[in-house]
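# Notes for the structure review
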Amino acid sequence: MNLMTTTDLDAEIAATARAAALAAGAIAREAFLNATPADLATEQKAGFFDIVTVTDKAAEVEASRIIWDRLPQSRILGEESGWQGAGPASWIIDPIDGTSNFASGLPFFSVSIAAYYEGRPVCAAIYDPIRDELFMAESGRLTLNGAPVALYAKGLADREVELLTNAPYEGARPTPETLAGFADVVDSFRAVRRLGSCALHLAYVAAGRVVVCYESKFSAWDIAAGLQLVQAAGGIVHARDAEGAPIGTGHDDLSRVRRLVVAQKGFDYSGSCLSKLMDHGAL
């Protein structure tokens, strides 16, 4: 690997990300379409609202195997396994983003893989195995199933667009402040959708299917790949830490991001209700 040029190395990492995402997705698709009780049996992690299935684990193992087979000097952060391995290449994997949808029989979930080399973002893949859609960020460009994505503005203000968000979140009864924040977005946007996969939310913004997304409860594996997609598409990213201060979204920042807005270029963020929500909201 040391003999590779940067271009060759990036290409190998991207090819590996693609192969890992497709392989993990094939496991998830097979289990979903030919579900057995064993495939969909759930275990609780943080509570009844945070679950894992045997398929999540199997998909993560397969993605990790492919990465280590091709690029042994890799360290991998998997949602189900934590950090493993060592080397200059870093990977962040969510084997099934949208596990509750998957376990319930709702066909809206994805495999999410982001890759970095010595902290530099190299590529990202989000794969929807049910629709067979592979969103890739590579060499500063966004593709869908290998073809460039053509974007056009569908609207630039709250009243003109739909908002994707998974808020308010399960696991605790919403406070009056949280409900007030949700009321603000319902009152401001043309429509509000809670689809259950943060990674696909970000991919849909990147690909121009939706103009804007807001999230405030996630882990690094939920957003790492999607952020690369949005940035490759020229979209805008606003991130805040736990104190509400602006923060970057690089490899070393991801674990400290607590609030996130991503949008297509040109969206009127300063005039959006989301700008206030990011600074002061409880949603």
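So, here is what we can say about the structure in this document.

So, about the overall build of the chain. Broken down by element type, the chain carries eight helices and 15 strands. Each principal axis of the C-alpha distribution contributes one length, and for the chain these read about 55 × 45 × 35 Å. Contacts in the chain between residues at least 24 apart in sequence constitute 64% of all its contacts with a sequence separation of at least 6. As displayed, the chain offers around 12500 Å² of accessible surface, 52% of which is attributable to carbon and sulfur atoms. Across the chain, the centroid of the 24 positively charged side chains sits 4 Å from that of the 35 negatively charged ones.

Turning next to the pattern of salt bridges. A side chain of one charge can pair with a side chain of the opposite charge if their charged atoms are brought near each other. Taken as a whole and judged by the stated rule, the model has 10 salt bridges. The residue Arg 65 makes a salt bridge to Asp 69 at a minimum N-O spacing of 2.7 Å. Of this pair, Arg 65 and Asp 69 both sit in helix H3 (residues 54-70), four residues apart, roughly one helical turn. Taking the relative accessible area as the measure of exposure, Arg 65 reaches 39% and is therefore partly exposed.

This paragraph deals with the packing of aromatic side chains. Evaluation of the coordinates by the stated rule reveals five aromatic pairs. Seen from their ring centres, Phe 32 and Phe 109 are 5.1 Å apart, and the 55° between their planes marks the pair as tilted. Placement of Phe 32 in helix H1 (residues 6-33) and of Phe 109 in the loop between helix H4 (99-104) and strand E6 (110-117) is noted, with a sequence separation of 77 residues between them. Since its relative accessible area comes to 15%, Phe 32 is described here as buried.

What counts and what doesn't
Residues numbered from 1 in each chain as written. Predicted model: local features only at pLDDT ≥ 70, side-chain atom pairs only at ≥ 80, totals over all residues. Heavy atoms only, no water. Helix = DSSP H or I, 4+ residues; strand = E, 2+ residues; numbered from the N terminus. Contact = heavy atoms within 4.5 Å. Areas by Shrake-Rupley, 256 points an atom, 1.4 Å probe, with all protein chains shown as cover. Lys, Arg positive; Asp, Glu negative; His and termini not counted. Charge placed at Lys NZ, Arg CZ, Asp CG, Glu CD. Salt bridge = Lys/Arg side-chain N within 4 Å of Asp/Glu carboxyl O. Buried < 20%, exposed > 50% of the residue type's maximum accessible area, 1.4 Å probe, protein only. Phe/Tyr/Trp six-rings, centres within 6.5 Å; stacked < 30°, edge-to-face > 60°.

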